[in-house]
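Spelled out from the first residue to the last, the chains are:
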Amino acid sequence: MTPRTVEMELSTPTLDARGNVRNVPLGVTRRPSESVNDDFGAERMLVNIGPQHPATHGVLRLVVELEGEAVKRVIPHIGYLHSGFEKLGEYRFYNQIIPLTDRTDYLSPMANNIALALAVEQLLGIEITERCRLLRVIACEMSRIISHLVWAGTTGIDLGAYTPFLWMFDQRERIYNLQEAWTGARLTTSVSRVGGMMADIPEGWEDGLRGFLRTFPTTLREVDTMFTRNAIWCGRTQDVGVIGPEDAINYSLSGPMLRASGVAYDVRKDRPYLGYEEFDFDVPVGEHGDSYDRYRVRLEEMFQAVRIMEQALDRLRPGPVDVDDPRVTLPPKSRAMSDMEAMIFHFKQVMEGIKVPAGEVYLGVENPKGELGYYFVSDGTSKPVRWRIRPPSFLNLASLPKLCEGALLSDVIAINASIDIVMGEIDR
């Protein structure tokens, strides 16, 4: 590895007459008060981690300024996906935006789909059916478990523990099979619709989920046994990447990142949606705000998700999934083929989309990585004038330089893993 001094500036590469890049943007500029050889005359070194490094979990590049092994600065560089979700959404009907939300956080697509439907339904003033509400709660908690399983497994690998990765992904496969049986897809589910769901759960699906909920906690307890009092795990995570409650709030952190710092804020409890206030569950809160507490919070959240889904299944009764409103719900195919009025409604909704009253709305939900918010501005047509996303990963990543203050190079890997980001939410 060739050491690079901090004199290299962040700028767009320029090309010479032959089209070759004349300088390489590393992203770190020297502050006026700093010397290249300050602090005992040691030369600082810039190290690029990513974007293809397995520990960056996506197209993220970290420019780390080192003095020996001590981290002086970390600068995250984003901008490799160029997906443009928000602008694409302004050219689509509301239900056509749902597939875009699959891609923003592809580890919890069902929760993303449902959050969008909730925001649009608030503009429309629609009250969804009881069965739809409970199915959405189940889908959101399934997404929480899926996302946390991937996080725990990959974080274990980042820190040298391979066996829990196999345990986690074995359980993930089981819940993915349930998700696929319901939605027909493993990643891009597009499960919700404005006013209802894409489909009801198939016959026998409840039994499959109950079987998963009955056996899954055993794996969680094995992971707890493997990690929680493991000397290596504790040494790599305790007092690493610490952020206090005031800083966590100032950085707009949410979800497990915020709760690990001791702030008991959970959208499901503080601004309930989908009737979460009716469910009996606890919000785990950390004390120290370090990587270890973030692990404990996510582990406990999976236990709590199991509790919520068991209660939702107990309350689930037969009934309609979609609202009975021809403005937003397609008529049954058999009726559309035999009834002229139903056929007209079907044609107009497919060709013209759902017309949403003029106004604006922001709705936030408690997603696995934190508060996911959707902001819509409607002018009364079937496409939003503006669509903006409040993605938890984007704000969580912004705290990485703060978390890495005073850390060692090896800590950067542990800290980056502990914030649990997905790049679709960042370069959106």
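Figured I'd write up the structure that's included with this text. As the structure is a computational prediction, the values presented were derived from the model and not from experiment.

Criteria and thresholds
Residues numbered from 1 in each chain as written. Predicted model: local features only at pLDDT ≥ 70, side-chain atom pairs only at ≥ 80, totals over all residues. Heavy atoms only, no water. Buried < 20%, exposed > 50% of the residue type's maximum accessible area, 1.4 Å probe, protein only. Helix = DSSP H or I, 4+ residues; strand = E, 2+ residues; numbered from the N terminus. Axes fitted to C-alpha atoms, helices over the stretch in contact; angles between N-to-C directions. Parallel < 35°, antiparallel > 145°, perpendicular 65-115°, else oblique. Left-handed = near helix turned anticlockwise from the far one by under 90°. Contact = heavy atoms within 4.5 Å. Nonpolar A, V, L, I, M, F, W, Y, C, P; charged D, E, K, R; others polar. Phe/Tyr/Trp six-rings, centres within 6.5 Å; stacked < 30°, edge-to-face > 60°. Lys NZ or Arg CZ within 6 Å of the ring centre and 35° of its normal. Pairing = 2+ DSSP bridges. Core = buried A, V, L, I, M, F, W, Y, C linked by side-chain atoms within 4.5 Å. Polar contact = N/O pair within 3.5 Å; in protein donor to acceptor, adjacent residues only side chain to side chain.

Right, let's talk about helix H16 (residues 409-419) for a bit. Counting buried residues along H16, nine of its eleven residues qualify, which places the element largely inside the surrounding structure. Along H16, the positions that sit buried rather than exposed are Asp411, Val412, Ile413, Ala414, Ile415, Asn416, Ala417, Ser418 and Ile419.

Okay, the packing of helix H4 (residues 130-158) against helix H6 (residues 205-227) next. Across the interface, H4 lies against H6 with an axial gap of 13 Å and an inter-helix angle of 30 degrees. The orientation of H4 relative to H6 falls into the category roughly parallel. Helix-helix and strand crossings are classified by hand; for H4 and H6 the assignment is left-handed. Taking contact as the criterion, the partners of Ile138, Met142, Ile145, Leu149 and Gly156 in H4 are, on H6, Trp205, Leu209, Phe212, Phe216 and Phe227. Taken together, the residues of the contact of H4 with H6 break down into nine nonpolar, one polar and no charged.

Before going further, it helps to examine the packing of aromatic side chains. All told, the structure shown has 14 aromatic pairs when counted by the stated rule. Ring geometry for Phe212 and Phe216: centres 4.9 Å apart, planes at 15 degrees, overall stacked. Taken together, the residues Phe212 and Phe216, both in helix H6 and four residues apart, mark about one turn of the helix. Taking relative accessible area as the criterion, Phe212 reaches 1% and is therefore assigned buried. Its relative accessible area of 0% is what places Phe216 among the buried residues. With 3.9 Å between their ring centres and 15 degrees between their planes, Phe227 and Trp233 make a pair best called stacked. We note that Phe227, like Trp233, is buried. Here a set of aromatic residues connected by ring pairs shows up, and it is made of Tyr94, Tyr374, Phe376 and Trp387. Between the NZ or CZ atom of Lys269 and the centre of the ring of Phe281, over which it lies, the distance is 4.2 Å.

The strand order across the open sheet built from three strands is E1-E2-E3, with neighbouring strands paired in antiparallel fashion. Each edge of the sheet is formed by a strand with only one pairing partner; in this case those strands are strand E1 (45-49) and strand E3 (70-77). This sheet shows a mean twist of 20 degrees between the axes of neighbouring strands, independent of strand direction. Relative to strand E2 (residues 61-67), E1 is paired through five bridges, and the arrangement is antiparallel. The residue bridging Leu46 from the neighbouring strand is Glu65, located in E2. Strands E1, E2 and E3 of the sheet are contacted by H16, whose axis makes an angle of about 150 degrees with E2.

This part covers the nonpolar core. Ile145, Trp182, Leu209, Leu274, Tyr374, Phe376 and Trp387 are the most contacted members of the largest nonpolar core, which totals 110 residues. Residue contacts for Leu274: discarding those within four places in its chain leaves Ile114, Leu118, Ile128, Arg133, Arg136, Val137, Cys140 and Phe279.

The next thing to look at is the side chain of Glu301. Within the secondary structure, Glu301 sits in helix H11 (residues 291-315). In terms of polar contacts, Glu301 uses its side chain to reach the side chain of His148, at 2.8 Å. Ignoring anything within four residues of it in the chain, the contact list for Glu301 reads Arg144, His148, Pro256, Arg259 and Pro284.

From the geometry alone we can't say anything about function, so treat these as descriptive.
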